Amino acid sequence: MERTLVLVKPDGVQRALVGRIIARFEEKGLRLIGLKLMAVSRALAETHYKDLAGKPFYPGLIKFITSAPVVAMAFEGPGVVAVVRKMLGATFGTAAEPGTIRGDFSTSRGLNLTHGSDSVESGAREVALWFKTEELVAWERTLDGWVYNTEDREPPKK
Ligand code: DAT
Ligand code: MG
């Protein structure tokens, strides 16, 4: 089943937007399977952003993501990676469309409040990087029949 990692970055925690950001995903109907507030070690930050090492903004990005706690969330569901990326909006808050999380709450390039995995492969890798297996919860959600049509759903796991 497809999974994605969402982070409320240090600016979102410091600006007391955690509840409102989580609410956007709850309202959309995404199924939460992991959630925690945590400090980010330099090692975790560097592993998470390893593909960006060498970019001019990379040192500032590592400093920023380790500067205050983040809230990490894992979601699971058909198409969840693309749905979350759409909900976050374009990378820079200055460019993100109104109606998206970054577009509604961010006016910065780097202080863009959120992270979302950028592909199905990244989603699997990042959820495994940020969450231990025992921190992820498999649960039956009674409202799934009202969120997904039968044809939206992937075959149930055995
Ligand atoms: P995204 O977070 O939309 O996946 P990304 O993976 O390209 O974007 O970059 C990771 C973060 O780095 C991004 O959320 C904000 C920051 N960033 C990216 N490009 C930047 C730039 N040109 N200047 C400053 N910060 C940048
Ligand atoms: Mg990215």
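Shown above is the structure to which this text applies.
This report concerns the structure included in the present document. (Residues numbered from 1 in each chain as written. Chains lettered and ligands numbered in written order. Predicted model: local features only at pLDDT ≥ 70, side-chain atom pairs only at ≥ 80, totals over all residues. Heavy atoms only, no water.)

## Details of the overall build of the protein
What counts, and what does not: Secondary structure elements are taken from DSSP: a helix is a run of H or I of four residues or more, a strand is a run of E of two residues or more, and numbering for both begins at the N terminus. As a reference, a globule follows 2.2 Å times the number of residues to the power 0.38, and the radius of gyration itself is taken over C-alpha atoms. Every residue pair with non-hydrogen atoms within 4.5 Å of one another is taken to be in contact. We get accessible surface area from the Shrake-Rupley algorithm with a probe of 1.4 Å; when it comes to residues, only the shown protein chains can shield them. The charged-residue count follows a simple rule in which Lys and Arg add positive charge and Asp and Glu add negative charge, with His and chain termini not counted at all. Note on charges: their place is set at NZ of Lys, CZ of Arg, CG of Asp or CD of Glu.
Regarding its fold elements, the protein presents eight helices and four strands. Computed over the C-alpha atoms, the radius of gyration of the protein is 16 Å, within 12% of the 15 Å expected from 2.2 N^0.38 for a compact globule of 158 residues. In terms of overall dimensions, the protein has C-alpha extents of about 45 × 35 × 25 Å along its principal axes. In the protein, the share of contacts with a sequence separation of at least 24, taken over all contacts with a separation of at least 6, comes to 76%. Roughly 8,900 Å² of accessible area belongs to the protein as shown, and the carbon and sulfur atoms make up 56% of that amount. Seen as two clouds, the 22 positive and the 19 negative side-chain charges of the protein have centres 5 Å apart.

## A look at the pattern of salt bridges
Inclusion rule: Every case where a carboxyl oxygen of Asp or Glu lies within 4 Å of a side-chain nitrogen of Lys or Arg is listed as a salt bridge. The classification of residues rests on relative accessible area computed with a 1.4 Å probe and restricted to protein chains. Under 20% of the type maximum is buried, over 50% is exposed, and intermediate values are partly exposed.
Here the structure, examined in full by the defined rule, presents eight salt bridges. One salt bridge in this structure joins Asp 51 and Lys 50, with 3.7 Å as the shortest N-O distance. Judged by its relative accessible area of 60%, Asp 51 falls in the exposed class. Residue class for Lys 50 comes out partly exposed when judged on its relative accessible area of 44%. The residue Arg 141 makes a salt bridge to Asp 144 at a minimum N-O spacing of 2.6 Å.

## Some details on the site of ligand 1
Just so we agree on the cut-off: Think of it this way: one heavy atom of a residue within 4 Å of a molecule or strand is enough to make that residue near it. Think of a polar contact as two N or O atoms within 3.5 Å of one another; within protein, one of them needs to be a possible hydrogen donor and the other a possible acceptor, and neighboring residues in sequence only count if both atoms come from side chains. Classification used: nonpolar for Ala, Val, Leu, Ile, Met, Phe, Trp, Tyr, Cys and Pro, charged for Asp, Glu, Lys and Arg, polar for all others including Gly.
In the vicinity of ligand 1, the residues found are Lys 9, Tyr 49, Leu 52, Phe 57, Leu 61, Arg 85, Thr 91, Phe 92, Arg 102 and Asn 112. A distance of 2.6 Å is found between an oxygen atom of ligand 1 and a side-chain nitrogen or oxygen belonging to Thr 91. In this structure, an oxygen atom belonging to ligand 1 sits 3.1 Å away from a side-chain N or O atom of Arg 102. When the free accessible area of ligand 1 is taken as 510 Å², the share hidden by the protein chains comes to 77%. Taken together, the residues of the shell around ligand 1 break down into five nonpolar, two polar and three charged.

## Thoughts on helix 7 (residues 120-130)
Here is the rule we go by: Directions pointing from the helix axis toward each C-beta atom define the arc.
When we look at burial in helix 7, the residues that qualify are Ser 122, Gly 123, Glu 126, Val 127 and Trp 130. Projected down its long axis, helix 7 carries its buried residues within an arc of 125°, all on one side. For helix 7, the exposed residues set more than 90 degrees away from the buried face come down to Glu 121 and Ala 128. In this structure, the buried side of helix 7 is in contact with strand 1 (3-8), strand 2 (31-38), helix 3 (42-48), strand 3 (70-76) and strand 4 (114-116).

## Thoughts on the sheet that holds strand 4
Across a sheet, paired strands are connected by hydrogen bonds in the backbone, their directions being either parallel or antiparallel. The following threshold applies: Only strands joined by at least two bridges in the DSSP assignment are considered to pair. The angle between two axes is taken between their N-to-C directions and runs from 0 to 180 degrees, where each axis is a line fitted to C-alpha atoms and a helix contributes only its stretch in contact.
Read across the sheet, four strands follow the order 2-3-1-4 without closing on themselves; strand pairing throughout is antiparallel. Edge positions in the sheet fall to strand 2 and strand 4, since each of these pairs with one other strand and no more. Averaged over neighbouring strand pairs, the angle between their axes works out to 15° when direction is ignored. Relative to strand 4, strand 1 runs antiparallel, the two being bridged by three bridges. Following the sheet pairing, Val 6 is matched in strand 4 by Gly 116. Against the sheet, helix 7 makes contact with strand 1, strand 2, strand 3 and strand 4, and its axis sits at roughly 55° relative to strand 1, the strand it touches most.

## What about unusual backbone geometry?
Its identity is not glycine, yet Ala 16 carries a phi of approximately 60°, on the positive side. Take Ala 16: it is sitting in the loop between helix 1 (10-14) and helix 2 (18-28). Ala 16 gets classed as exposed once you look at its relative accessible area, which sits at 64%. Not every positive phi belongs to a glycine, and Leu 113 is a case in point at roughly 70°.

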